[in-house]
There are 2 protein chains.
Amino acid sequence: MIKKIINNLITILLFSVTIVNGQNKLSDRYNLMPWPKEIQENTNKVYINEEVTVSVNSKEGRVYDATTKFIRRLTNRTGVFINEGFPFLNKNNATIKITFNKVAEVQLNVDESYEVKVTENQVEVFAKTDIGALRGLETVLQLITYNENSFYIEGVTIKDSPRFVWRGLMIDVARHYQPLSVLKRNLDAMASMKMNVFHWHLSDDQGFRVESKVFPKLHQLGSDKQYYTHDNIKEIVSYANKLGIRVVPEIDVPGHATAILTAYPELGSKKGYDYKIERFSGVFHPTLNPINPEVYVFLDKLFAELTPLFPDHYFHIGGDENEGKHWDENYEIQKFKKKEGLNSNHDLQTFFNIKLQDILKKYNKRLMGWDEIMTKDMPKTAIIHSWRGVNEGFKNGTLSEAVKNGYQAVLSNDYYIDRMQSVEHHYLFDPLGNEKFTKEEEKRVLGGEVTMWSELVTPLTIDSRIWPRTAAIAERFWSVKEVKNLENMRKRLVKVTLQLEELGISHYKNRDVILRNIAKCNAISSLKVLTGIYEPLKIYTRNKGGTEYKSFSPFTLFADACFSDAIDAYNFKKTMNSFIKTPSESKKKKLKSYFNKWVEGYSDFIKLPPNPNTSLIKNHYEKLNELSLICIEVLNGKKITNKVKNEVNMCVKVLKLPLVDTELVILPVIKKFLNE
Amino acid sequence: MIKKIINNLITILLFSVTIVNGQNKLSDRYNLMPWPKEIQENTNKVYINEEVTVSVNSKEGRVYDATTKFIRRLTNRTGVFINEGFPFLNKNNATIKITFNKVAEVQLNVDESYEVKVTENQVEVFAKTDIGALRGLETVLQLITYNENSFYIEGVTIKDSPRFVWRGLMIDVARHYQPLSVLKRNLDAMASMKMNVFHWHLSDDQGFRVESKVFPKLHQLGSDKQYYTHDNIKEIVSYANKLGIRVVPEIDVPGHATAILTAYPELGSKKGYDYKIERFSGVFHPTLNPINPEVYVFLDKLFAELTPLFPDHYFHIGGDENEGKHWDENYEIQKFKKKEGLNSNHDLQTFFNIKLQDILKKYNKRLMGWDEIMTKDMPKTAIIHSWRGVNEGFKNGTLSEAVKNGYQAVLSNDYYIDRMQSVEHHYLFDPLGNEKFTKEEEKRVLGGEVTMWSELVTPLTIDSRIWPRTAAIAERFWSVKEVKNLENMRKRLVKVTLQLEELGISHYKNRDVILRNIAKCNAISSLKVLTGIYEPLKIYTRNKGGTEYKSFSPFTLFADACFSDAIDAYNFKKTMNSFIKTPSESKKKKLKSYFNKWVEGYSDFIKLPPNPNTSLIKNHYEKLNELSLICIEVLNGKKITNKVKNEVNMCVKVLKLPLVDTELVILPVIKKFLNE
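These figures come from a predicted structure and were not determined experimentally. (Residues numbered from 1 in each chain as written. Chains lettered and ligands numbered in written order. Predicted model: local features only at pLDDT ≥ 70, side-chain atom pairs only at ≥ 80, totals over all residues. Heavy atoms only, no water.)

Chemist: What is the right way to read the overall build of chain A from this model?
Modeler: Secondary structure summary: chain A contains 26 helices and 19 strands in total. Over its C-alpha trace chain A gives a radius of gyration of 27 Å, about what one expects of a compact globule, namely 26 Å for 676 residues. Along the three orthogonal principal directions, the C-alpha set of chain A runs to about 80 × 80 × 50 Å. Residue burial in chain A is summarised as follows: out of 676 residues, 61% are buried. (Helix = DSSP H or I, 4+ residues; strand = E, 2+ residues; numbered from the N terminus. Rg over C-alpha atoms; globule rule 2.2 N^0.38 Å. Buried < 20%, exposed > 50% of the residue type's maximum accessible area, 1.4 Å probe, protein only.)

Chemist: Just to check I follow, could you spell out the layout of surface pockets for this structure?
Modeler: Picture a little ball the size of a water molecule; that probe, rolled over the atoms, points out where space is still empty. Here the second largest pocket defines a volume of roughly 750 Å³. Here the lining of the second largest pocket is built from residues that sort into 13 nonpolar, ten polar and 13 charged. (1 Å grid on protein atoms, 1.4 Å probe; cavity = no way out; pocket = protein on both sides within 12 Å on 5 of 7 lines; lining within 4 Å. Points joined across faces, edges and corners; volume = space filled by probe spheres on them. Nonpolar A, V, L, I, M, F, W, Y, C, P; charged D, E, K, R; others polar.)

Chemist: Would you take a moment to explain the side chain of Ser269(B) for this structure?
Modeler: By secondary structure assignment, the location of Ser269(B) is in the loop between α8 (258-263) and α9 (293-306). At 2.9 Å, the side chain of Ser269(B) and the backbone oxygen of Thr287(B) are in polar contact. (Polar contact = N/O pair within 3.5 Å; in protein donor to acceptor, adjacent residues only side chain to side chain.)

Chemist: In this structure, what is going on with the pattern of salt bridges? I would like to understand it.
Modeler: Two side chains that carry opposite charge are able to pair once their charged atoms sit near each other. With the rule as written, the count across this model stands at 88 salt bridges over all chains. Here Arg388(B) and Asp371(B) are joined by a salt bridge, their closest N and O atoms 2.7 Å apart. One end of the pair, Arg388(B), is in the loop between β15 (383-386) and α13 (397-404); the other, Asp371(B), is in the loop between β14 (366-370) and β15, and 17 residues separate them in sequence. For Arg388(B), a relative accessible area of 17% gives the class buried. When salt bridges with common partners are traced through the structure, they connect Arg73(A), Arg77(A), Glu138(A) and Glu502(A) into a single cluster. (Salt bridge = Lys/Arg side-chain N within 4 Å of Asp/Glu carboxyl O.)

Chemist: Please explain the nonpolar core as it appears in this structure.
Modeler: What tends to happen in soluble globular proteins is that the nonpolar side chains get buried as a cluster. Ile153(B), Phe198(B), Trp200(B), Leu288(B), Phe303(B) and Trp467(B) are the most contacted members of the largest nonpolar core, which has 134 residues in total. Discounting residues that sit within four places of it in the chain, Trp467(B) has contacts with Asn186(B), Ala189(B), Met190(B), Met193(B), Met195(B), Leu500(B), Ile505(B) and His507(B). (Core = buried A, V, L, I, M, F, W, Y, C linked by side-chain atoms within 4.5 Å. Contact = heavy atoms within 4.5 Å.)

Chemist: Could you clarify how one ought to interpret the interface of chain B and chain A in this entry?
Modeler: Think of interface size as the accessible area that goes away when the parts come together; that is how it is often given. If you look at the interface, chain B gives 53 residues, while chain A gives 53 residues. There are 22 residue pairs in polar contact (both at pLDDT 80 or more) connecting chain B and chain A. Mapped onto the side of chain B that touches chain A, the elements with two or more residues apiece are α3 (63-78), α7 (230-242), α19 (507-519) and α24 (612-635) of chain B. Residue contributions to the side of chain B that touches chain A peak at seven residues, all from α19(B). Residues of the side of chain B that touches chain A, tallied by class, amount to 17 nonpolar, 19 polar and 17 charged.

Chemist: Quick question: what am I supposed to make of the environment of Val457(B) here?
Modeler: All names here are of chain B. One can find Val-457 in the loop between β17 (445-452) and α16 (462-466). Residue class for Val-457 comes out buried when judged on its relative accessible area of 3%. In sequence terms Val-457 and Val-654 are 197 residues apart; their C-alpha atoms lie 27 Å from each other. Leaving out residues up to four positions away in the same chain, Val-457 has contacts with His-176, Gln-178, Met-452, Ile-462 and Arg-465.

Chemist: How should unusual backbone geometry be read in this particular structure?
Modeler: When glycine is set aside, most residues are seen to have a negative phi, and most peptide bonds are trans. With omega at 5°, the peptide bond leading from Trp467(A) into Pro468(A) counts as cis. Looking at the secondary structure, you find Pro468(A) in the loop between α16 (462-466) and α17 (469-478). Cis geometry is found at the peptide bond from Met33(B) to Pro34(B), where omega equals -5°. For Pro34(B), the position within the fold is in the loop between α2 (26-29) and β1 (38-48). The backbone phi angle of Asn109(A) is positive, close to 75°, even though this residue is not glycine. Residue placement: Asn109(A) occurs in the loop between β4 (96-102) and β5 (114-118). With a relative accessible area of 58%, Asn109(A) lands in the exposed category. A positive phi is found at Met420(A), a non-glycine position, where the angle reads about 60°. Structurally, Met420(A) is set in the loop between β16 (408-411) and α14 (423-427).

Chemist: Any chance you could explain the packing of aromatic side chains here in plain terms?
Modeler: Two aromatic rings, taken as a pair, are described by how far apart their centres are and by the angle between their planes. Residue and element names in this part refer to chain A. Counted by the stated rule, this structure contains 62 aromatic pairs over all chains. Pairing Tyr-602 with Tyr-621 gives two aromatic rings, centres 5.7 Å apart and planes at 55°, and the pair type is tilted. Highlighted residues: Tyr-602 in helix α23 (residues 585-605) and Tyr-621 in helix α24 (residues 612-635), separated in sequence by 19 residues. Residues Tyr-602 and Tyr-621 agree in their burial class; the two are buried. An aromatic cluster of at least three residues, connected via ring pairs, comprises Tyr-177, Phe-198, Trp-200, Tyr-228 and Phe-310. (Phe/Tyr/Trp six-rings, centres within 6.5 Å; stacked < 30°, edge-to-face > 60°.)

Chemist: Can you walk me through the packing of helix α22 (residues 567-581) of chain B against helix α23 (residues 585-605) of chain B in this structure?
Modeler: Working note: a packed helix pair is described by the angle between its axes plus the distance between those axes. Residues and elements named next belong to chain B. Contact geometry for α22 and α23: axes closest at 10 Å, N-to-C directions at 140°. Taken together, the axes of α22 and α23 are oblique relative to one another. Read as a crossing pair, α22 and α23 show a hand that is left-handed. Judged by residue contacts, Asp-568, Asn-571, Phe-572, Thr-575, Met-576, Ser-578 and Phe-579 of α22 engage Lys-587, Lys-588, Lys-590, Leu-591, Tyr-594, Phe-595, Lys-597 and Trp-598 from α23. (Axes fitted to C-alpha atoms, helices over the stretch in contact; angles between N-to-C directions. Parallel < 35°, antiparallel > 145°, perpendicular 65-115°, else oblique. Left-handed = near helix turned anticlockwise from the far one by under 90°.)

Structure, rendered in structure tokens:
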């Protein structure tokens, strides 16, 4: 026995490395995301076999049920027939043993720290709170690996806690309603990435998605019958709570209010205006009338009804993108502004916001709003949700402005995943940016939120827009600043992306559904090949200023089957750039295999029975085929004659055009290769 | 104008065929399922373009919302940007115009007939009831076809109505709980196949899945927290109602009652027995005590609580597989039987059932039960649900017995899709069998029900077990008896199977999820090749009498990724059998391409990084590869020497063994080819 202990000790001494802050070679070995604060490796392995038992130290709180789910995921991931499908209570020699000190409330600043310790025969998870224990369980699942014959949990000791306390995902359910099942699977996925805030954008021009018993016309006339009942809301809030996730609701006012005004036009700023649920995307004029006392009576009663459904202390009132056109057009409003000495519509909106803040205070809620709410008179108790940055003309972003002005703030600028930008773009953007903050200012940066605006997503496609990029952003919010090695993140993201499927995330599987619908048959390999190199048009070019897509337009197009960070494109570009710099036979071979893939893809594609949707793709694919054949010849040493140049030009002319709202992202590097 | 009418008339005269009862060459052309009663073709084509409008004649009832959904499906299927996303009211020149006479109640014998008429510029749907109109809308969606440039609706006139009034699908949510989203998508799919009864098997040994406010321990102790709240039930019943689908609940008593007795052991037949939610499958002994008056008080209160949630007039009390072991072991029960002159346990169960029938009558429900409830004293008002046939020792099945005895009956025997038999098997089985019934008896056959027992299915796999076979059975229930051409059904089923994806049915997409989980990467093509020729073990051999799988066992195995009617197997067998009979070069070529597919599959497979689950498959794949290479050589003219014979034997020895609970269904025909 003593010998064994000594042996273990020696093992530990030999193999342990110093505690690691941030990222090092370990992150090549362990597929953890977000990367933990401290990790130390040892040579232990705990095998997953039918004898595995799991123990919790209390049935109170969230851990018992979470552990039952944990066992199901362990079983389904490995295929191992575990004898004991439910956790034991205080079983000391359990294979996986979870201990926490107290049941916590889901709220800002809750302790989420945890430790995982893999010893010779046991995996131990310790946490101060049950919520911390949940975070630890997710880490244990990520530690499962395998060889040819066994699954096992790798030997490590981890001490972990988050960098930011606010790590959110906003889902807009107004532009496209999302059923509970979509929200639940995304909450599960959030929890697997240790995110802790679900910001529920419940109302906008395109829909008011909450049942109101006090103002029933809101859901009756403002939602096309697609809304959440009170029970639905309780279900989601409770589901999130069990995962240690706060739910912050948003009712967007005074702008983005077309749906509200469709139900109650008398609250609008423009008399006689024909308010109708908006079908397009963009910024619209319908706005609540800030000088009508009935508006405040309405909001007071509405908030009185809704706030008890959302136990979180924060309440988001939107407040963005009110251009004030209907205010300018209303003589009474202009008169009021003059009388009250309100110089601008912004000042008038602050007048409105302060009234809202007073109402919310009655219901014990702190007001949060998009950064437009930040004006000189706005009390510092408001939370500023920063969405505007360089693109919107703010050199340092509005977050910096907010915290320097004394507000607490949450950052979403540059986490706008609906813009379809690369994972790299979002991952490298630090919530603190390059700003110099004082310690106090830094503390006022609560964290960040990924925003999933839903103009162009439906339940079929939303997951492929949120994931996997949000996993990388979740790491940005949780891990220390120094964790930012792109290559390593990408490598880990590949596995995480696959594991998200076990929670029902449908990014991969629904891509294939869309492709089958396009092909009208099962033979989709040639189309799948294309999704490897085409990406949806970025930064709002797809919807041409909101004029192309209505909320009921089809979202089953080729663009909907494509992702950002198209996988072949990324690898091809890397190889090609490297080849252009320093050519080699192995790189040449790799490049040829890509070109051949597209040539073969085309030959499969033309065998498909044609239909209107494959017909849209045909011309592009034909030119991609031609260009690939040319590139193969050039790689084989053929000279680029004028004739070849002409052929290339003909191809490029077609290929640079959008293909059903996507772009061929490898075209620039191919042009570079061909000196075009 | 007159000329045009005359032209149309000529067109109609030239191209119309006589009204068709059953099936003829038209079923090769139109992809309708279930096949309609009468169909007449014309040369009209109504194009789907952005100008399409849809009109309904009333906002009352189910049609307006169903038509909105119809427009979404039309749009998403075709990718056409339709300008008008919502139905008009009474727009005479609408492209698609729906007219119905009255709003109906969802109940047995409701009129579901409809007509579809495609004229030069318009598609008209007429129905007596709104439910009939829903059936017609599904037909219109199936009439959408395309050429290279356009989608259009084919020119036909259809008059249609169902053969049987009871066309059901039972889903067992006790063995594996199914979330609302699973039920909803299956209800949508049922409606698309014109099915009209959802039989909800809510309680069994493995779980009691309904919240009870009167007996809260039922869901608290009997469900592992996986149950439907009253609101959930209302939601599903309302969802089904909107689709014209009745919901018949089942609370299985007095047997299959372990979950109930886990909550209320005092109601059991065996004192001191340790009732615990069952984790295995099979027939178990826990049984309500029929001589305990408290049992009837309990059931009366429970039914008083539950019956209002289910507006349908029928209530299923199960009643199956009570072997009476605990009754035999209870002295008081034996004494009671003697006293009351009840000769058998069956008689005692009838005594129990009659009491139940009286209770249900109070709540205005007709009792329905599995065929064991049929004993000489059972009143003829009970509905007999026939599940036992030849396999269970009933030569003509219990349905025949029931209707000849004067009962109304519904058939499930031979529609047990959990047995994983072929679509052919179920499709060719007529509810009336080969029995000679009188007109009166025939009328008592209400229809049939597909049964999805869930011992071996989870939310991940249930769709691939239900569909597409249930679509073929739905045709059996709806279409006239003469529609039974297998080849033609298969051809139509291919398209229907694909279209089910637009309703969220996950058969294809979740197969790939499972394969990715097995491969631990995206490169699943080699595994997918195998799913084309392996099928899950059939007729309860997979679970070895209920001893292998517990409810929490993994259902992410290779068997769970395989379907019945493996597509390559079917085509290969056909070609091979035909080749053996009359060889030809083209058949040889086809066969070789199959063998090459498996050889290439193997070469891809061995490139996968090995893990415990791919390791399980390796040996089989290796032998399949060897056998395929031998077969190619034999096709190329090589003699079958003793050495070859030995090699074949070695392969067959491995390949005849189950592979992770599947079987290689092409093995017999290969053996035949090689004279093994």
